[in-house]
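This is what each chain is made of:
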Amino acid sequence: MESSLDLELILVSLAALAGFIIVVYWFSQRGKEKTPRDKQPFLVDYAKSFFPVLLIVVLLRSFVAEPFRIPSGSMIPTLEIGDFILVKKYSYGIRLPVIHTKIFETDEPKRGDVVVFRYPPHPKVNFIKRLIGLPGDEVVWTVDKKLIINGIPATYQPDGKHLTLDRGGRKIEVEKLKETLPDDEPHDLILFSSPTRPGKFIVPEGHYFMMGDNRDNSSDGRFWGFVPEENLVGKASLVWMHWNWQDGGDGFQGGRIGEAIN
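Here is what the cut-offs are and how they apply
- Residues numbered from 1 in each chain as written.
- Predicted model: local features only at pLDDT ≥ 70, side-chain atom pairs only at ≥ 80, totals over all residues.
- Heavy atoms only, no water.
- Core = buried A, V, L, I, M, F, W, Y, C linked by side-chain atoms within 4.5 Å.
- Buried < 20%, exposed > 50% of the residue type's maximum accessible area, 1.4 Å probe, protein only.
- Helix = DSSP H or I, 4+ residues; strand = E, 2+ residues; numbered from the N terminus.
- Contact = heavy atoms within 4.5 Å.
- Polar contact = N/O pair within 3.5 Å; in protein donor to acceptor, adjacent residues only side chain to side chain.
- 1 Å grid on protein atoms, 1.4 Å probe; cavity = no way out; pocket = protein on both sides within 12 Å on 5 of 7 lines; lining within 4 Å.
- Points joined across faces, edges and corners; volume = space filled by probe spheres on them.
- Nonpolar A, V, L, I, M, F, W, Y, C, P; charged D, E, K, R; others polar.
- Pairing = 2+ DSSP bridges.
- Axes fitted to C-alpha atoms, helices over the stretch in contact; angles between N-to-C directions.
- Salt bridge = Lys/Arg side-chain N within 4 Å of Asp/Glu carboxyl O.

This next bit is on the nonpolar core. In this structure, Ile 132, Val 139, Leu 147, Tyr 156, Leu 181, Phe 209 and Met 211 are the most contacted members of the largest nonpolar core, which totals 15 residues. For this core, the secondary-structure elements that each account for two or more residues are β7 (138-141), β8 (147-149), β12 (187-191) and β14 (207-211). Among all residues touching Phe 209, those that are not within four sequence positions of it are Arg 130, Leu 131, Ile 132, Gly 133, Val 139, Phe 201, Val 203, Gly 221, Arg 222, Gly 225 and Phe 226. Of all hydrophobic cores here, the second largest spans 13 residues; its members include Leu 79, Ile 128, Val 233 and Ile 261.

A few words now on the environment of Lys 110. Mapped onto the elements, Lys 110 comes out in the loop between β4 (102-104) and β5 (114-118). Separated by 27 residues in the primary sequence, Lys 110 and Asp 83 place their C-alpha atoms 23 Å from one another. Ignoring sequence-local partners within four residues, the contact set of Lys 110 consists of Leu 131 and Leu 134. For Lys 110, the side chain forms a polar contact with the side chain of Asp 107, separated by 2.8 Å.

Estimated volume of the largest pocket: approximately 520 Å³. If you go around the largest pocket, you meet 24 residues; those closest to its centre are Ile 76, Glu 80, Ile 81, Thr 164 and Leu 165. When residues of the lining of the largest pocket are traced back to their parent elements, those giving at least two are β10 (155-165) and β16 (232-244). Each residue belonging to the lining of the largest pocket can be placed in one class, and the counts come to 4 nonpolar, 15 polar and 5 charged. Counted as a void, the second largest pocket has a volume near 160 Å³. If you trace the second largest pocket, you find it lined by Ile 22, Tyr 25, Trp 26, Gln 29, Lys 32, Glu 33, Lys 34, Thr 35, Gln 40 and Lys 48. Looking at which element gives the most residues to the lining of the second largest pocket, the answer is helix α1 (residues 5-28), with 3 residues.

Below, the discussion takes up the sheet that holds β12. Across the sheet, 3 strands lie side by side as β10-β11-β12; this open sheet has antiparallel pairing. The outermost strands of the open sheet, each flanked by one partner alone, are β10 and β12. If you compare each strand with its neighbour and ignore which way they point, the axes differ by 35° on average. Where β10 lies against strand β11 (residues 171-180), 9 bridges are found, and the strand directions are antiparallel. Its bridge partner lying in β11, Pro 158 is registered against Leu 177.

As enumerated under the stated definition, the model contains 19 salt bridges in all. When salt bridges with common partners are traced through the structure, they connect Arg 95, Lys 102, Glu 105 and Glu 229 into a single cluster.

Function cannot be inferred from these measures alone, as they are strictly geometric.
Structure follows, in structure tokens:
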């Protein structure tokens, strides 16, 4: 997913600048006769007009919810390329914008959550995956593409076929399954017929193990490791629009609007 850090920094900087201009002007006018709004310097007038809007946007994006667009297929079939999703920023604690320091605890991440996080190798880039392993978990990914968590196998039920694109951009039908992790509700995933690389992963304290629902076409924890707790951005909650304008995309799909993310 595309980075949101630059936009966040720009919004915070603009809000701070507008507030600074207002405060400086207020101090400069103390003890003087009040100047009518239409006689005030244009910079002050602009600051007074935009500061409330910028402040509201910063507060909403930082502490309530933030929109993201899905640019890749790593979470198919749960999320399709072109989905615009809403992410609850308060799900795993309230953090200050830009510096991301947690100032208030809310809830803990749960196995099976669909999570947006800052990609550990490049924290300016946001990724979205499913949370598979909690701190201290032993996660085994088997050669036959099944998960075993702390010695408990996940269960799998066939759920027909799913039409998707292979790595070469060709349309193919792949196997669709219902996966149920320990202590979680069922969710969808797809599997290609290609072989996989099995592995065992011990999740360190303060970290999480993530995987995509498109198990054979996802850059996830199997390849680059674990996600530190401080990298968590929020929990994906729903699709608020779908528009895929990329080559071969399916355009606007109104039927996906309002779909909850499981």
